[in-house]
Amino acid sequence: GFFQSYAVEVDIKDASNATCLYANWMMRFLITYESNNGDYKTTTLNLSSSVTHNGSVCGNDTQAAVVAVQFGEGHSWSINITKTNETYQGDFITLTYNTNDTAVFPDAKRKGPVTVLMKDPAHPVQLNTVFVCHNSFVIEEKNTTQIFWNVTVQAFVQNGTVSKKETRCPADTPTSAPTVPPTIANVTTASTTTLSPAPTTAPKPVENPDTGNYSLKSGNKTCFLATVGLQLNVSQDKPLLININPKTTVADGACGNTTATLKLNDGNSTLIGF
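Rules used throughout
Residues numbered from 1 in each chain as written. Predicted model: local features only at pLDDT ≥ 70, side-chain atom pairs only at ≥ 80, totals over all residues. Heavy atoms only, no water. Pairing = 2+ DSSP bridges. Helix = DSSP H or I, 4+ residues; strand = E, 2+ residues; numbered from the N terminus. Axes fitted to C-alpha atoms, helices over the stretch in contact; angles between N-to-C directions. Phe/Tyr/Trp six-rings, centres within 6.5 Å; stacked < 30°, edge-to-face > 60°. Buried < 20%, exposed > 50% of the residue type's maximum accessible area, 1.4 Å probe, protein only. Disulfide = S-S within 2.5 Å. Salt bridge = Lys/Arg side-chain N within 4 Å of Asp/Glu carboxyl O. pLDDT = per-residue confidence, 0-100. Contact = heavy atoms within 4.5 Å. Core = buried A, V, L, I, M, F, W, Y, C linked by side-chain atoms within 4.5 Å.

Draft legend 1. Geometry of the sheet that holds strand β19 (residues 260-265). A sheet is described by the order of its strands in space; here three strands give the open sequence β18-β19-β20, paired in antiparallel fashion. The open sheet is flanked by β18 (250-255) and β20 (271-273), the only strands paired with a single partner. This sheet shows a mean twist of 15 degrees between the axes of neighbouring strands, independent of strand direction.

In structure tokens form, the structure reads like this:
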């Protein structure tokens, strides 16, 4: 359940070969689909190492800017960005996933491309300012969960140079509350508890993870219960030890007749699926 994804960089030039639209970000998707036997399964769609950006355009005072990427076996994602006299803002996001991709959807009942359209919830950003969000944030719509992190975007770039003035997302603000994804039908977010008392002095590094209580509901009935402390030991160039904090972790997922999926997102670029 610990997934590796690729970063995407899109640098669109205008007619004078100056940068007019810049975006660099990471994202992945959780998609719930119906299998051939009638169960609903949740799969993870990651960006591939090879991504194209056909259809990306600079935009102007009357035309929206577009960041569009294509990846994998017929999957694509795009966002339209509109401009006012003082700000720019994401308008709507379009995700198209192809259930003919048997590596991601091995037993999908419905075959072919599926398109999901959603409103971008982000606030307007001042012109000549770059939007930055290092921590993860989630957008959900119609059985899809889109997770973004390490985001840097500037539309309608002036003078061909990405601004050094930043607008940071709420997830990067230390005092902000944990982001709870919008509710999916028949799913409730987790209620969590911490067994360790709050420290009265400066906290020390925690050797063991705190225990969280996570649950899912199907209708009025609880269909999934997990009481667990989670620690990840990630093998990479430099070993990384991650304790999952129940206070900042949200849960969703789905229960089927023979399978159930619990998804935990700690709000800090770590996603775990059971």
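Draft legend 2. Geometry of the packing of aromatic side chains. Across all of its chains, the model carries six aromatic pairs by this definition. Their ring planes at 40 degrees and their centres at 5.6 Å tell us that Trp 25 and Trp 77 sit as a pair that is tilted. Here the residue Trp 25 occupies a position in strand β2 (residues 19-34), and Trp 77 occupies one in strand β6 (residues 75-83), the gap between them amounting to 52 residues. Summarising the burial analysis for this pair, Trp 25 and Trp 77 share the class buried. Residues Trp 77 and Phe 148 carry aromatic rings whose centres are separated by 5.9 Å and whose planes lie at 55 degrees to one another, so their mutual orientation is tilted. Placement of Trp 77 in strand β6 and of Phe 148 in strand β12 (residues 144-155) is noted, with a sequence separation of 71 residues between them.

Draft legend 3. Quick peek at the state of the cysteines. The full count for this structure, using the stated rule, is three disulfides. Note that Cys 133 is cross-linked by a disulfide to Cys 169, the S-S spacing being 1.9 Å. Classification of the bridge connecting Cys 133 and Cys 169 rests on its S-S torsion, roughly 70 degrees, and on that basis the disulfide is right-handed. On the criterion of sequence distance, the pair formed by Cys 133 in strand β10 (residues 130-133) and Cys 169 in the loop between β13 (166-168) and β14 (211-218) is long-range, its members being 36 residues apart. For the pair shown, Cys 133 and Cys 169 are each scored as buried. Two residues, Cys 223 and Cys 255, share a disulfide whose sulfurs are 1.9 Å apart. With the S-S dihedral at roughly 75 degrees, the linkage between Cys 223 and Cys 255 falls on the right-handed side. Linking Cys 223 in strand β15 (residues 221-229) with Cys 255 in strand β18, this pair joins segments that are 32 residues apart in sequence. By relative accessible area, Cys 255 is classed as partly exposed at 25%.

Draft legend 4. The arrangement of the pairing of β15 in detail. Judged from the eight bridges that link them, β14 and β15 form a sheet pairing that is antiparallel. The residue bridging Asn 213 from the neighbouring strand is Thr 227, located in β15. What sits between the antiparallel neighbours β14 and β15 is a turn of two residues, in which Gly 219 has the positive phi angle 70 degrees.

Draft legend 5. Quick peek at the pattern of salt bridges. Per the counting criterion, the structure on display carries eight salt bridges. Among the salt bridges present, the one from Lys 41 reaches Asp 107, with a minimum N-O distance of 2.7 Å. Within this pair, whereas Lys 41 is found in strand β3 (residues 40-46), its partner Asp 107 is found in the loop between β7 (87-98) and β8 (113-119), the two being separated by 66 residues in sequence. For Lys 41, a relative accessible area of 25% puts it in the partly exposed group. In this structure, Asp 91 and Lys 119 form a salt bridge, with 2.9 Å as the shortest nitrogen-oxygen distance. Within this pair, whereas Asp 91 is found in strand β7, its partner Lys 119 is found in strand β8, the two being separated by 28 residues in sequence. Three or more residues are tied together by salt bridges with common partners; here these are Glu 166, Arg 168 and Asp 172.

Draft legend 6. Here's a closer look at the confidence of the model for the chain. With 84% of its residues at a pLDDT of 70 or more, the chain has an overall mean of 82. Taking the mean pLDDT of every element in the chain, the minimum, 79, falls on strand β17 (residues 240-243) and the maximum, 95, on β6. Across residues 175-205, confidence stays below pLDDT 50; counting only partners more than four residues off in sequence or on other chains, it has 50 contacts.

Draft legend 7. Highlighting the nonpolar core. By size, the foremost hydrophobic cluster in this structure holds 42 residues, and its most contacted members are Trp 25, Val 67, Trp 77 and Ile 81. Those elements giving two or more residues to this core turn out to be β1 (7-13), β2, β5 (65-71), β6, β7, β8, β10 and β12. It is β2 that provides the largest number of residues to this core, a total of eight residues. If near-sequence neighbours (up to four positions away) are discounted, Trp 25 is found in contact with Tyr 6, Ala 7, Val 8, Val 10, Val 67, Val 69, Trp 77, Phe 148, Trp 149, Asn 150 and Val 151. Counting 13 residues, the second-largest nonpolar core is a separate cluster that includes Tyr 214, Ile 242, Ala 251 and Ile 272.

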